[in-house]
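What follows is the residue order along each chain.
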Amino acid sequence: MTGTGPLVNLAARRLGASVLAASDEFFADKENLLRPEPPAHQPGTFGPKGQLMDGWESRRRRGPGQDYALVRLGVPGVIERVVVDTAHFTGNFPAACSVGACAAEGYPGPAELLGPGACWVEIVPRSPLAGDRQNEFAVTDPRRFTHVRLTIYPDGGVARLRVEGQVVRDPRLLAGLTLDLAALENGGTVAGASDRFYSPPENMISPGRPAVMSDGWETRRRRGTGHDWVLLRLAAAGCIRQAVVDTTCFVGNAPATAMLRGCDATATGLDAAEWFEVLPATPLQPDTRHRFRIGPAGTTAVTHVRLEIHPDGGVARLRLLGELTAEGRVGLGLRWFDRLPTDHALAVLAAECDLTGQEAADLVARRPLAEQAQLASLLTRPGAAAARLRALILG
């Protein structure tokens, strides 16, 4: 799983992440950990408890123990890097930190997550921290997690926490629905772009409406020939029924036209895939949310889409609304189930398929099911439990 595409901050507030609990937040609030803007600092700005800090800061410990912050990820996924930013904490940063992760069904609260039933694994061992710096830690665990716990030793302040990786959505929440196939929160990613000068193209596939111009994708002004483009890898193979090209906030710098091309790279790979027109070159208006119903091309499966804008400019949001294909649903289900931690996979099998005991343990141990032999074994299993299993994983 690692290294398969650009990293997404799974702990981004805009994706729905939240700091559920902290052992102590005497000097600065735990919620600051996930703020999207860079940490700010105004020396000599004091409140009743001391210098105001843009981060999370606990009081000084006078006995044994350590402090922690518990975070629900905005979208579950495979974590590849954790960034513990101690910006502006120079004499009050922790000596060290560690990061744990767990996978849970639904929306458990702090008591359940910190109780004896939760299965936590260490993804960043106890490691020294430097003050006023972005401390980066690589993560090699290939499993899908829903929550993380940052532990600091023994106390102190952290400005920001980023948990970067690949989105792995639960297919039970997407199958059979019209969804945004390009959305970051559904697993869509930016695979390439011609220009990122003013703002990144990932903004286009982020949740919510754009608030300001910098909340979209904007390229520099072209002074020669050519045009700008973004290559998107969709959440899974699907058919696009409607495209939304939103130029909100781009008043004097919207593109003149936009077009969409698509391809299905499932069998051939992206280099050999055959591209076709999804949306022809279409004039755009400034500061407008354009909706386009896709014609015959909407019945053809796509895994990648290329947005071309002529000649340059800004797009606030791009939505590609459609449905997963049968093959897309299978791929999504296998990717999800293969990356569940063992305890989570067993809980899912028990709840969804009434499959427990040695049979469930044997199935989980045979993963990855995406391998052809394992998938064939799954397809031929008899019985009602196996039928529910096939529906769960394969759709």
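Above this text you will find the structure in question.
What comes next is a walk through the structure. (Residues numbered from 1 in each chain as written. Predicted model: local features only at pLDDT ≥ 70, side-chain atom pairs only at ≥ 80, totals over all residues. Heavy atoms only, no water.)

**A look at the overall build of the protein chain**
We count it as follows: Helix numbering and strand numbering both begin at the N terminus, where a helix is a DSSP run of H or I of at least 4 residues and a strand a DSSP run of E of at least 2. A 1.4 Å probe rolled over the protein chains alone gives each residue an accessible area, and that area as a share of the maximum for its type sets the label: buried under 20%, exposed over 50%, partly exposed in between. When checking whether two residues touch, look at their non-hydrogen atoms; a contact exists if any pair is within 4.5 Å. Residue exposure ignores everything except the shown protein chains as possible cover, and the areas themselves are Shrake-Rupley values with a 1.4 Å probe. When charges are counted, Lys and Arg contribute as positive and Asp and Glu as negative, whereas His and the chain ends are disregarded. In plain terms, the charge of a residue is placed at NZ if it is Lys, CZ if Arg, CG if Asp and CD if Glu.
Within the protein chain, the regular secondary structure consists of six helices and 22 strands. When the backbone C-alpha atoms are referred to their principal axes, the protein chain occupies close to 70 × 65 × 30 Å. When the 395 residues of the protein chain are sorted by exposure, 52% land in the buried category. For the protein chain, the proportion of contacts with a sequence separation of at least 24, taken over those separated by at least 6, is 78%. For the protein chain, the exposed surface amounts to about 17,500 Å²; the carbon and sulfur share of it is 52%. If the 43 positive side-chain charges of the protein chain are averaged to one point and the 43 negative ones to another, these points end up 2 Å apart.

**Remarks on the packing of helix H3 (residues 342–353) against helix H6 (residues 384–394)**
Packed helices, taken two at a time, are described by the angle between their axes plus the distance between the axes. Note the cut-off: In this analysis, axes come from line fits to C-alpha atoms, helices being fitted only over the stretch in contact, and the angle between any two N-to-C directions falls in the range 0 to 180 degrees. Here is the rule for handedness: rotate from the far helix to the near one, and if that takes an anticlockwise turn smaller than a right angle the crossing is left-handed, while a clockwise turn gives right-handed.
Look at H3 against H6: their axes get within 9 Å of each other, and the N-to-C directions meet at 115 degrees. Here the hand of the crossing between H3 and H6 comes out right-handed. Listed contacts from H6 to Val348, Leu349, Glu352 and Cys353 of H3 are Ala385, Arg388, Leu389 and Leu392.

**Here we look at the pairing of strand S10 (residues 144–153)**
The side chains of a regular strand alternate, residue by residue, between the two faces of the sheet. Formally: Two strands pair under a simple rule: DSSP has to find at least two bridges between them.
The buried fraction of S10 is high, at nine of ten residues. Where strand S7 (residues 96–102) meets S10, seven bridges bridge the pair, whose relative direction is antiparallel. By the bridge assignment, valine 99 is partnered in S10 with leucine 150.

**Side note on unusual backbone geometry**
Backbone torsion omega between tyrosine 153 and proline 154 reads -15 degrees, so that peptide bond is classified as cis. Take proline 154: it is sitting in the loop between S10 and strand S11 (157–158). Cis geometry is adopted by the peptide bond preceding proline 368, which originates at arginine 367 and carries an omega value of 10 degrees. Residue placement: proline 368 occurs in the loop between helix H4 (357–365) and helix H5 (372–379).

**Here we look at the nonpolar core**
What counts, and what does not: Residues grouped as a nonpolar core are buried Ala, Val, Leu, Ile, Met, Phe, Trp, Tyr and Cys residues, joined through side-chain atoms within 4.5 Å.
In terms of nonpolar packing, the biggest core is built from 66 residues, with Ile79, Val82, Val84, Ile123, Leu150, Leu260 and Leu320 touching the most fellow members. Apart from the residues lying within four places of it in its own chain, the contact partners of leucine 260 are Ala243, Phe276, Glu277, Val278, Leu279, Val305, Arg306, Leu307, Leu318 and Leu320. In terms of nonpolar packing, the next biggest core, distinct from the first, is built from 22 residues, Leu349, Ala360, Leu392 and Ile393 among them.

**Description of the pattern of salt bridges**
To keep it simple, the criterion reads: Take a side-chain nitrogen of Lys or Arg and a carboxyl oxygen of Asp or Glu: if they are within 4 Å of each other, that pair is a salt bridge.
Evaluated as defined, the whole model comprises 23 salt bridges. In this structure, arginine 14 and aspartate 215 form a salt bridge, with 2.9 Å as the shortest nitrogen-oxygen distance. With a gap of 201 residues between them, arginine 14 in the loop between strand S1 (8–9) and strand S2 (18–22) and aspartate 215 in the loop between strand S14 (189–193) and strand S15 (217–218) connect regions that are remote in the sequence. In this structure arginine 14 comes out as partly exposed when scored by relative accessible area, which is 37%. Taking relative accessible area as the criterion, aspartate 215 reaches 14% and is therefore assigned buried. When the shortest N-O distance is used, the salt bridge between arginine 306 and glutamate 308 registers 3.0 Å. Classification of arginine 306 by relative accessible area gives partly exposed; the value is 23%. Each of Arg35, Glu37, Asp54 and Arg160 takes part in a single network of salt bridges with overlapping partners.

**Some points on the packing of H3 against H4**
Here is the rule: Note on terminology: angles under 35 degrees are roughly parallel, angles over 145 are roughly antiparallel, angles of 65 to 115 are roughly perpendicular, and the others are oblique. Put simply, Ala, Val, Leu, Ile, Met, Phe, Trp, Tyr, Cys and Pro go in the nonpolar bin, Asp, Glu, Lys and Arg in the charged bin, and everything else, Gly too, in the polar bin.
H4 packs onto H3 with a crossing angle of 130 degrees between their chain directions and a minimal axis gap of 10 Å. For the element pair H3 / H4, the angle class is oblique. Of the two possible hands of crossing, H3 and H4 adopt the one that is right-handed. Contact residues: H3 offers Thr342, Ala345, Leu346 and Leu349, while H4 offers Ala360, Ala361, Leu363 and Val364. Tallied by class, residues from the contact of H3 with H4 come to seven nonpolar, one polar and no charged.

**Some remarks on the packing of aromatic side chains**
Where we set the bar: Pairing of aromatic rings covers Phe, Tyr and Trp, the last through its six-membered ring, and needs centres within 6.5 Å; plane angles under 30 degrees mean stacked, over 60 mean edge-to-face, and all others mean tilted. We call a charge positioned over a ring when the NZ of a Lys or the CZ of an Arg lies within 6 Å of the ring centre and within 35 degrees of the ring normal.
As enumerated under the stated definition, the model contains three aromatic pairs in all. Taking 5.0 Å as the distance between ring centres and 85 degrees as the angle between the ring planes, the aromatic pair formed by phenylalanine 26 and phenylalanine 27 counts as edge-to-face. Arranged with centres 4.8 Å apart and planes meeting at 90 degrees, the rings of phenylalanine 197 and tyrosine 198 form a pair that is edge-to-face. On the accessibility criterion, phenylalanine 197 (48% relative accessible area) is partly exposed. Lying over the aromatic face of tyrosine 153, arginine 126 brings its terminal NZ or CZ to 4.0 Å of the ring centre.

**Here's the deal with the side chain of threonine 219**
To keep it simple, the criterion reads: Polar contacts, as used here, are pairs of N or O atoms within 3.5 Å; protein pairs need one atom able to donate a hydrogen and one able to accept it. Residues neighboring in sequence count only if both atoms are side-chain atoms.
As for its placement among the helices and strands, threonine 219 is situated in the loop between S15 and strand S16 (228–246). The class for threonine 219 is buried, based on a relative accessible area of 3%. A polar contact of 2.8 Å, which involves the side chain of threonine 219, links it to the side chain of aspartate 228. Dropping the residues within four chain positions of it, threonine 219 is found in contact with Asp195, Tyr198, Asp228, Asp312 and Gly313.

**Observations concerning the environment of glutamate 37**
With respect to the helices and strands, the residue glutamate 37 is situated in the loop between S2 and strand S3 (46–47). Measuring from C-alpha to C-alpha, the distance between glutamate 37 and arginine 160 comes to 9.4 Å, with 123 residues separating the pair along the chain. A distance of 2.5 Å separates the side chain of glutamate 37 from the side chain of arginine 35, its partner in a polar contact.

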